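As a plain string of letters, each chain reads:
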Amino acid sequence: MGLINLFLASILTQNIVLTRFLGVCPFVGTSDKERNAVGMGLAVMLVVTISSIITYFIHYYVLVPTNTEHLRTVMFILIISSCVQIIEILIKKFFKDLYSALGIYLPLITSNCAVLGIVLLNINASYTFVEVLTFSIGSSLGFTLVIYIFSTIREKLEKNDIIKPLEEFPIALIIAGIMALLFSKYGA
Amino acid sequence: MQIIIVFTVISLILGLIIVFIDSKYNEEDDQLKEIENLLPGINCGICGYKTCKGMSEFLVDKPLEYKKCRPLKNPEELVAYLRLKKILDE
């Protein structure tokens, strides 16, 4: 029961973008088209899952025995950037149109604080391996879900008349704020 | 001391993995590189393709689009402009 609670909590009540406010940059940046948003969300899911598995093992079997836990931030950034680099090369080879759709945003996943946040949260909460998997998959699924909803809203909004000062970017931020308000109700 | 050894070893392993995957799966097109080097490289986005690298990839399919590059029409970029014209106007 605890695992299912954890899974649902990481998607809804403790949503990584709208409740914890991590990873807002790609959230607003790639959500102008539905296809890009889904691609970005799936890429983040892949990166987060692989990185959390690798960082779990590195932390508990390399950093803890050698008493270097305090350097875990640096080590995790190293691992996340390598994972992103490898995934970028593989996506470039096997999914060419997704690669050109994501463009500059794929390497930017490295500096996405959602990825580092999820990895560090795993360690801070001392999850077991199964809980790490549940939390990572759940959080990245929450990220994908929210970015997909946001992209559909934004695509619909493009066709409407909005006053000039609020066009494109400011109205997107306002919508994101309203979504955050709605998601906060889940935790109440 | 332990920290130095740990980090060096892990960085080396990660580096080797990246080099291996890069050599196996990354295909560099020579002509693409040449076109990309000829473009101004400021990533201004005026052409609509956001980055110069992105534009060079589109130039393979639509060669005449290089005319959209506004900085390329500056006087100091004349050599690059003529060279691009020679490669792409065929």
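Residues numbered from 1 in each chain as written. Chains lettered and ligands numbered in written order. Predicted model: local features only at pLDDT ≥ 70, side-chain atom pairs only at ≥ 80, totals over all residues. Heavy atoms only, no water.

1. Quick look at the overall build of chain B
Okay, so step 1: The secondary structure content of chain B amounts to four helices and zero strands.
Okay, so step 2: Element order for chain B, N to C, with α for helix and β for strand: α-α-α-α.
Okay, so step 3: The C-alpha atoms of chain B give 19 Å as radius of gyration, which overshoots the globular expectation for 90 residues (12 Å, by more than 25%).
Okay, so step 4: For chain B, the spread of C-alpha atoms along the three principal axes comes to 55 × 25 × 25 Å.
Okay, so step 5: Considering only residue pairs separated by 6 or more positions, chain B has 42% of its internal contacts joining residues 24 or more positions apart.
Okay, so step 6: For chain B, the exposed surface amounts to about 6,300 Å²; the carbon and sulfur share of it is 60%. (Helix = DSSP H or I, 4+ residues; strand = E, 2+ residues; numbered from the N terminus. Rg over C-alpha atoms; globule rule 2.2 N^0.38 Å. Contact = heavy atoms within 4.5 Å. Areas by Shrake-Rupley, 256 points an atom, 1.4 Å probe, with all protein chains shown as cover.)

2. As for the interface of chain B and chain A
Interface size is commonly expressed as the accessible surface area that is lost when the partners come together.
Okay, so step 1: Taken together, the contact pairs 16 residues of chain B with 21 residues of chain A.
Okay, so step 2: Overall, the association of chain B and chain A removes approximately 1,800 Å² of surface from exposure, summing both partners, and the carbon and sulfur fraction of that is 77%.
Okay, so step 3: Run the count over chain B and chain A and you get zero salt bridges.
Okay, so step 4: Along the contact surface separating chain B from chain A lie zero residue pairs in polar contact (both at pLDDT 80 or more).
Okay, so step 5: When residues of the side of chain B that touches chain A are assigned to their parent elements, the largest contribution, 12 residues, is made by helix 1 (residues 2-25) of chain B.
Okay, so step 6: Of the residues contributing to the side of chain B that touches chain A, the split by class is nine nonpolar, three polar and four charged. (Buried area = accessible area lost by both parts, 1.4 Å probe. Salt bridge = Lys/Arg side-chain N within 4 Å of Asp/Glu carboxyl O. Polar contact = N/O pair within 3.5 Å; in protein donor to acceptor, adjacent residues only side chain to side chain. Nonpolar A, V, L, I, M, F, W, Y, C, P; charged D, E, K, R; others polar.)

3. Structural notes on the nonpolar core
Okay, so step 1: Formed by 53 residues in total, the largest nonpolar core has its most connected members in L18, F27, M75 and I109 of chain A.
Okay, so step 2: Sort the elements by how many residues they give to this core and helix 3 (residues 34-63) of chain A lands first, with nine residues.
Okay, so step 3: Of all hydrophobic cores here, the second largest spans 13 residues; its members include L39, M55, C69 and L72 of chain B. (Core = buried A, V, L, I, M, F, W, Y, C linked by side-chain atoms within 4.5 Å. Buried < 20%, exposed > 50% of the residue type's maximum accessible area, 1.4 Å probe, protein only.)

4. Comments concerning the environment of V47 of chain A
Residues and elements named next belong to chain A.
Okay, so step 1: Along the chain, V47 turns up in helix 3.
Okay, so step 2: Since its relative accessible area comes to 1%, V47 is described here as buried.
Okay, so step 3: Distance in space between the C-alpha atoms of V47 and K93 is 17 Å, their sequence separation being 46 residues.
Okay, so step 4: Apart from the residues within four sequence positions on either side, V47 is in contact with V84, I87, I109 and V115.

5. Observations regarding the packing of helix 1 (residues 2-13) of chain A against helix 8 (residues 129-158) of chain A
All names here are of chain A.
Okay, so step 1: In contact at an axis separation of 7 Å, helix 1 and helix 8 are set at 30° when each is read in the N-to-C sense. Between helix 1 and helix 8, the angle is such that the two are roughly parallel. Handedness of the helix 1/helix 8 crossing: right-handed. Residues L3, L6, F7, S10 and I11 of helix 1 form the contact with helix 8, whose own contacting residues are V130, E131, T134, F135, I137, G138, S139, L141, G142 and L145. (Axes fitted to C-alpha atoms, helices over the stretch in contact; angles between N-to-C directions. Parallel < 35°, antiparallel > 145°, perpendicular 65-115°, else oblique. Left-handed = near helix turned anticlockwise from the far one by under 90°.)

6. Considering a nonpolar patch on the surface
Okay, so step 1: A grouping of M1, I4, I5, V9, I13 and I17 of chain B is seen on the molecular surface, where their side chains present a nonpolar patch of about 600 Å² in accessible area.
Okay, so step 2: Here I4 of chain B is to be found in helix 1. (Patch = residues over 30% accessible without salt bridge, like charges linked within 9 Å, V, L, I, M, F, W, Y side chains within 5 Å.)

7. Remarks on a positive patch on the surface
Okay, so step 1: A cluster of like positive charges, contributed by K67, R70, K73 and K85 of chain B, occupies part of the molecular surface.
Okay, so step 2: Overall, the relative accessible area of 40% leaves K67 of chain B in the partly exposed class. (Lys, Arg positive; Asp, Glu negative; His and termini not counted. Charge placed at Lys NZ, Arg CZ, Asp CG, Glu CD.)

Coordinates in, geometry out; function isn't part of it.
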